[in-house]
Amino acid sequence: MLHGKHILLGITGSIAAYKAATLCRLLIKEGADVQVVMTPLAKQFITPLTMATLSKRPILVEFFDPENGAWNSHVSLGEWADLYLIAPATANTLAKMACGIADNLLLTTYLSARCPVAVAAAMDLDMYAHTATQENLDTLRRRGVEVIEPDEGELASGLSGKGRMAEPEAIVRAIDGILARSEKKKNLSGKHFLVTAGATIEAIDPVRFISNHSSGKMGYALAGELAARGAEVTLVSGRTALPTPAGVRRVDVLSAEEMYRAALEAFDHADGAVMCAAVADYTPEEVADCKIKKGDGELTIRLRRTKDIAAELGTRKGNRLLVGFALETHDEEANAQSKLEKKHFDFVVLNSLRDAGAGFRGDTNKVTFIDHAGHESLPLMPKSEVAARIVDKIESMIDKKS
Ligand code: CTP
């Protein structure tokens, strides 16, 4: 995706600025044309000479050259760029971006940019966790800025936690995806989808719970793909370690009961729903207030059934599209067919745990689509590609319904 693309690389005053050198080299290696813009403070962390040599272009810092009055136009920079990547992005710059403050060239360029904008946050763990920073990031996300979340690890302060700028390779992968998405046709604009994803957690006592191996990767890929095609997406998510896909509204829940309530509320305004979550079918009848201490004998925990969210949406769906998943270990097609009928799904995406590379945690999946007209088996492919194929099918079914 990066070949021939114009990437504006904004560097702010963070110790992670040293990684901008590697980032710039990787972008150039992928065939991108890179123009660097720095804040005045960033020059203290990495020299303009280093960045100019790597990017093969003079870097820009000030609004104009005081020697000859030559003007650095933020408007034309914004027009030139196919993508504006600010990496590292400090808490200070993120706050200014959220407020619309324009006191340096990097920020005026942000306000003028018509291209996709991505920020790779970098700061100390407490600054990152601070409500002010998190609210600023949420504001930027709502306005369409793609946030490349920091990694966990050792920080310049000597502390350890979430705040280290993502590695340059990961940033390059992320912007490759952003460019790919920005070129997608927005066939689903004006449509609203609910996606459920991840595993639910059913408390036994304040310490233990019942859950399952779902990583949420398939549901998150789907939510991201729907958003990339212009849909408004509400992602009702069980616990996962995944970052929120760009342009997606995420509602975090824990138990099956919480997921049921959040999903029903979002479905009220939706044109369709994709039920990707691995919802617990049973939950402890009683949750102990205190940690259950071990005794000599055995322990029995009585479980009761949870509500079936998909089945409930199936009874209320009317003309809306409902897509289900079925994860099976045996009699796969028969079980999926029975879920199609019972839960009033328009189609079911079947995974078999017997297929290598399919199912939980991995980055690939092998699925079969089952609808009222028949079956279609897809080969093993990355979950992002499976998500694209599922959304292709959603688009064609929505067209038929309208
Ligand atoms: N599902 C749901 N709410 C539940 C259980 C399942 O919304 N309480 C949804 C899943 O998200 C999936 C579909 O129903 O889209 C099928 O889920 P699955 O766990 O495969 O099947 P179950 O209905 O739980 O049946 P079984 O456990 O007997 O396979």
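Residues numbered from 1 in each chain as written. Predicted model: local features only at pLDDT ≥ 70, side-chain atom pairs only at ≥ 80, totals over all residues. Heavy atoms only, no water.

### What to know about the pairing of strand S7 (residues 160-164)
Sheet topology note: the strand S6 (residues 151-154)/S7 ladder contains four bridges and is antiparallel. Looking across to S7, one finds that Asp151 is bridged to Arg164. Connecting S6 to the next strand, S7, in antiparallel fashion are five residues, including Gly158 with a positive phi near 100°. (Pairing = 2+ DSSP bridges. Helix = DSSP H or I, 4+ residues; strand = E, 2+ residues; numbered from the N terminus.)

### Section: the sheet that holds strand S17 (residues 347-352)
With mixed pairing, eight strands are arranged side by side in an open sheet as S12-S11-S8-S13-S16-S17-S19-S20. Two strands in the sheet have a free side with no partner beyond their single neighbour: strand S12 (248-252) and strand S20 (374-377). The mean inter-strand angle of the sheet, taken between neighbouring strand axes irrespective of direction, is 20°. Two elements, S17 and strand S19 (residues 367-371), share five bridges in a ladder whose sense is antiparallel. (Axes fitted to C-alpha atoms, helices over the stretch in contact; angles between N-to-C directions.)

### Considering the domain arrangement of the protein chain
If you check the domain split of the protein chain, you get domain 1 (6-183) and domain 2 (192-401). Distance between the C-alpha centres of domain 1 and domain 2: 35 Å. (Domains from an automatic or database assignment.)

### Digging into the side chain of Glu328
If you trace the backbone, Glu328 turns up in strand S16 (residues 321-328). Only 3.3 Å separates the side chain of Glu328 from the side chain of Asn335, close enough to count as a polar contact. Setting aside residues no more than four positions away along its own chain, Glu328 makes contact with Asn335, Ala336, Lys339, Leu350, Asn351, Ser352 and Leu353. (Polar contact = N/O pair within 3.5 Å; in protein donor to acceptor, adjacent residues only side chain to side chain. Contact = heavy atoms within 4.5 Å.)

### Here's the deal with a nonpolar patch on the surface
Residues Ile15, Tyr18, Leu41 and Phe45 make up a contiguous nonpolar surface patch of about 420 Å² in total accessible area. Mapping Leu41 onto the fold places it in the loop between strand S2 (33-38) and helix H2 (48-55). (Patch = residues over 30% accessible without salt bridge, like charges linked within 9 Å, V, L, I, M, F, W, Y side chains within 5 Å. Areas by Shrake-Rupley, 256 points an atom, 1.4 Å probe, with all protein chains shown as cover. Salt bridge = Lys/Arg side-chain N within 4 Å of Asp/Glu carboxyl O.)

### Regarding the packing of aromatic side chains
One pass over the structure, following the stated rule, counts one aromatic pair. Arranged with centres 5.5 Å apart and planes meeting at 70°, the rings of Phe347 and Phe369 form a pair that is edge-to-face. Linking Phe347 in strand S17 with Phe369 in strand S19, this pair joins segments that are 22 residues apart in sequence. Stacked on the ring of Phe267, the Lys or Arg Arg320 has its end atom at 3.9 Å from the ring centre. The ring of Phe347 is capped by Lys393, whose NZ or CZ atom sits 5.2 Å from the centre of that ring. (Phe/Tyr/Trp six-rings, centres within 6.5 Å; stacked < 30°, edge-to-face > 60°. Lys NZ or Arg CZ within 6 Å of the ring centre and 35° of its normal.)

### Some words on helix H11 (residues 309-316)
Among the residues of H11, Ile309, Ala310, Leu313 and Gly314 are the ones counted as buried. The arc that holds every buried residue of H11, seen down its axis, measures 140°, which confines them to one face. Packed against the buried residues of H11 are strand S8 (192-197), helix H10 (256-267), strand S13 (272-275) and S16. One side-chain oxygen of the residue at the start of H11 lies 3.2 Å from the amide nitrogen of Ala310, identifying that residue as Asp308. (Buried < 20%, exposed > 50% of the residue type's maximum accessible area, 1.4 Å probe, protein only. Arc of directions from axis to C-beta.)

### Brief notes about unusual backbone geometry
Note that the residue after Ala87, namely Pro88, is joined by a cis bond; omega there is 0°. With respect to the helices, strands and loops of the structure, Pro88 is situated in strand S3 (residues 83-89). One non-glycine residue, Lys56, lies in positive phi territory at about 65°. Within the element layout of this structure, Lys56 appears in the loop between H2 and helix H3 (74-80). The residue Asp331 is not glycine, and still its phi comes out positive at about 45°.

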